Amino acid sequence: MAQATTLEPELSSSPPRLLAELPFRSLRWIRVKESFVKFLLMGCTLFSVMITLAIIILLTVEAVKFFRMPGTSVSGFLFGTRWNPLLGETKHFGVLPLVSGTLWITAIAMSVAMPLGLITAIFLSEYSPRKLRAILKPTLEILAGIPTVVFGFFALTFITPMLRLIPGFQVDIYNALSAGIAVGILSIPTICSLAEDALQAVPRNLREAAFSLGGTRFDVSVKVVIPAALSGIVSAFLLGATRAIGETMIVTLAAGNRARISWDPRVEMQTMTGYIAQVAKGDVSNFGVEYYSIYAVAAALFLLTLAMTFFGHVIRKRFREAYE
Amino acid sequence: MIELRSIKPDFSRWPVGSVRRRIVVNEVFKSACIAIASLSVIVLLVLLGSILVEGAPALSWKFITGAPSPDPKNCGIGPVIMGSIWVCLGCAAIAVPLGVGTAIFMEEFPPRSTIARRFHEFVQLNITNLAGVPSIVYGILGLTAFANMFGLFGKPDEPAFELGAQHFRQYVTEGTEVVLIPIASPTDVPILVDSMTVETFDGKPIKLIVVAPGNELPQDASMLKKTLWSDAEGGLITKKPWYYLRLPFGRSILAASLTLMLVVLPVIIISTQEALRSVPKTLREGSLGLGSTPWQMVWNVTLPAAIPGIMTGTILSVSRAIGEAAPVLMLAGIVYITKSPRHLADDFAVLPIQIYYWAGQPIAQGDGINFQNLAAAGIIVLLAILLAFNALAIIIRQRTQRPLS
């Protein structure tokens, strides 16, 4: 609080002082201090760049080590359809089953989160009745703050038993469907708040013009505001999908540990993150081929999310409708 | 620009009779909106409700203070809570200065040259990208860089460098008492001499009686407690004070704090940047106009004005570190911990990992508390801690909020 008082000096209580009485500070000392602080802050900034560099170098070096090991190859990794590094006589390192699991979970999550998040955002931004807003906003904030392991537990102990209650619907104990739904619930707050920001950024006079032409609220929001905010909405979807791809705890708890390509989301599946977590928690020897395979999978995951974040950023910047 | 032609009224396509239809569509859409928006409230209530119902039977004071155990009926979570607090404090201590420093540099020291501007843009893009990197990738980085230190210092279990470790040879006397003889390095074996001074396990000095093989032991029980055969073999015991450190960090609190620091750093930077941006420009200009240097302006004007926002954002980011499980799972695996951590290099467990372990246990048939109840009770404790953090952030925001412009 000592700092805060400098904002409002009590002028009346302190008698005026002569300039000569003020403590003398050498200009050179101030300059040295100034550049020292600036270098220190720049060091902090460089640290964040170093993190990215460290991730890229580490994943590249270790993934190269993996691809040099016997029984592995880059093409076999990228296009192989079998992934069984931990069990069985011959180990297969084809990443496609893990990618298919990841895509399934992300697709299910997005089909839950995109409509729910977008419609909630439209409601909050365009209709926004005060009473409901006072309930909805904190709800979304609480949902955003709940740790992912809690959603994993919820998927395992609530969503899966509920799905099993549906007559004629055969679901494994571990299945992609319930994990995907849980990841979708997790992504709703992200998508909703980003989409709401995009909708709010549309200038008021566009809405007023549409209203004055006789449009209802539905016409205004669906035919004017959404097209104007489309770039922001798409980038919100992309960011939500990136989160879903990188989500780990829900899928390790609820989706199971069997890597396979399947068209049925009701069966056990493994994602890229799920495999990394499985190796990490088990007692895999620190220098075996299966240990190094997590670096290759992590490199693929990192590239995928990096591309999506970058793409979202580009869409937001390039295709933004510039008003004013 | 949006194409104005598309909203030009076309009366042939919008007959007057359709006004009623459009009003109906609007009403239907509004009802659908309310229904869908309430769905998230319902989901939250169901989630919290189902966890409360499952966790309530296992929740007790004994559960909060006790230690984990293989028997679900006597299981506690005390050392795990302590582990979470240690890791979170360590993470905050590193991430907050770094994050706030970066944000100040990005916001308060605008680039003057073209190269500096390029650098700024690159760093900003880099921070955005870092915020989108899956946390498990940070876990892999932490495992390799902090826990194993790229293998530069040998295996994580056999540290190449130790600070503050006191090694002892531990002997059991003929009266089944434990005595300790200090040694310099873990491989030393001390020579046992009669009437040498050694320590008991509590650190009290006693005089040792050493008997050569073939001689007779003393009869007195109190003498027997201090008696050793001269060829007795002792085990290695290491006492670690609170400042104990080692390289590589291994599966320690310090390694976990550093790893979680990587996860929350981009979030702290972004929230601090937003807090700094919300400080009105006039305040800065006033300060500069009075002749202050850029750093004097930041330290005396901008930071005090932005502190509430910075603290709110920081507390919320750090509370994310408490709930983050994947990087810690990568780093430490699932560890069975019965004691609270005592130093930064100690083994530890955190709440989300313990919950994950319990949730993954097979559901036992029969009555009584099972691991699922324990997991739910652990979640209640975790959510209570997060709620406390959020409440703190809200209180700070409300106490210190005042109009600046």
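The text that follows walks through the structure, step by step, so that each part is easy to find.

1. Looking at the overall build of chain B
Okay, step 1: Secondary structure assignment for chain B yields 12 helices and nine strands.
Okay, step 2: Against the 2.2 N^0.38 benchmark of 22 Å for 405 residues, chain B shows a C-alpha radius of gyration of 31 Å, more extended than a compact globule.
Okay, step 3: Projected onto the principal axes, the alpha-carbon positions of chain B cover approximately 120 × 70 × 40 Å.
Okay, step 4: Looking at chain B as a whole, 39% of its 405 residues qualify as buried.
Okay, step 5: The long-range fraction of contacts in chain B, counting pairs at least 24 apart against all pairs at least 6 apart in sequence, stands at 71%.

2. Things to note about the overall build of chain A
Okay, step 1: Along chain A, the regular secondary structure elements total 13 helices and two strands.
Okay, step 2: Counting only residues that meet the buried cut, chain A has 45% of its 324 residues in that class.
Okay, step 3: In chain A, of all internal contacts separated by at least 6 residues, the share reaching a separation of at least 24 is 71%.

3. Topic: the nonpolar core
Okay, step 1: Counting residues in hydrophobic clusters, the biggest one holds 192 residues, and the most contacted among them are A155, A182, I250 and A298 of chain A together with V264 of chain B.
Okay, step 2: Residues within four places of V264 of chain B in sequence aside, it is in contact with C91, A95, S317, V318, R320 and A321 of chain B.
Okay, step 3: V179, L180, L192 and V198 of chain B belong to the second-largest nonpolar core, a separate cluster that totals eight residues.

4. With respect to the sheet that holds strand β2 (residues 166-172) of chain B
All names here are of chain B.
Okay, step 1: Here we have five strands laid out as an open sheet, ordered β5-β4-β3-β2-β8, and antiparallel in their pairing. Both outer strands of the open sheet, β5 (205-207) and β8 (235-239), are each paired with one neighbouring strand and no more. Neighbouring strand axes in the sheet, compared pairwise and without regard to direction, differ in orientation by 45° on average.
Okay, step 2: As judged from the five bridges shared by β2 and β8, these two strands associate in the antiparallel manner.

5. Examining the interface of chain A and chain B
Okay, step 1: With 79 residues of chain A in contact, the opposing surface of chain B contributes 73 residues.
Okay, step 2: Per-element tally for the side of chain A that touches chain B: the top contributor is helix α2 (residues 27-68) of chain A, with 17 residues.
Okay, step 3: When its residues are assigned to classes, the side of chain A that touches chain B shows 53 nonpolar, 19 polar and seven charged.

Cut-offs applied
- Residues numbered from 1 in each chain as written.
- Chains lettered and ligands numbered in written order.
- Predicted model: local features only at pLDDT ≥ 70, side-chain atom pairs only at ≥ 80, totals over all residues.
- Helix = DSSP H or I, 4+ residues; strand = E, 2+ residues; numbered from the N terminus.
- Rg over C-alpha atoms; globule rule 2.2 N^0.38 Å.
- Buried ≥ 20, exposed ≤ 12 C-beta atoms within 10 Å, placed from the backbone.
- Contact = placed C-beta atoms within 7 Å.
- Core = buried A, V, L, I, M, F, W, Y, C linked by C-beta atoms within 7 Å.
- Pairing = 2+ DSSP bridges.
- Axes fitted to C-alpha atoms, helices over the stretch in contact; angles between N-to-C directions.
- Nonpolar A, V, L, I, M, F, W, Y, C, P; charged D, E, K, R; others polar.

The quantities given are spatial measurements derived from coordinates; they are silent on function.
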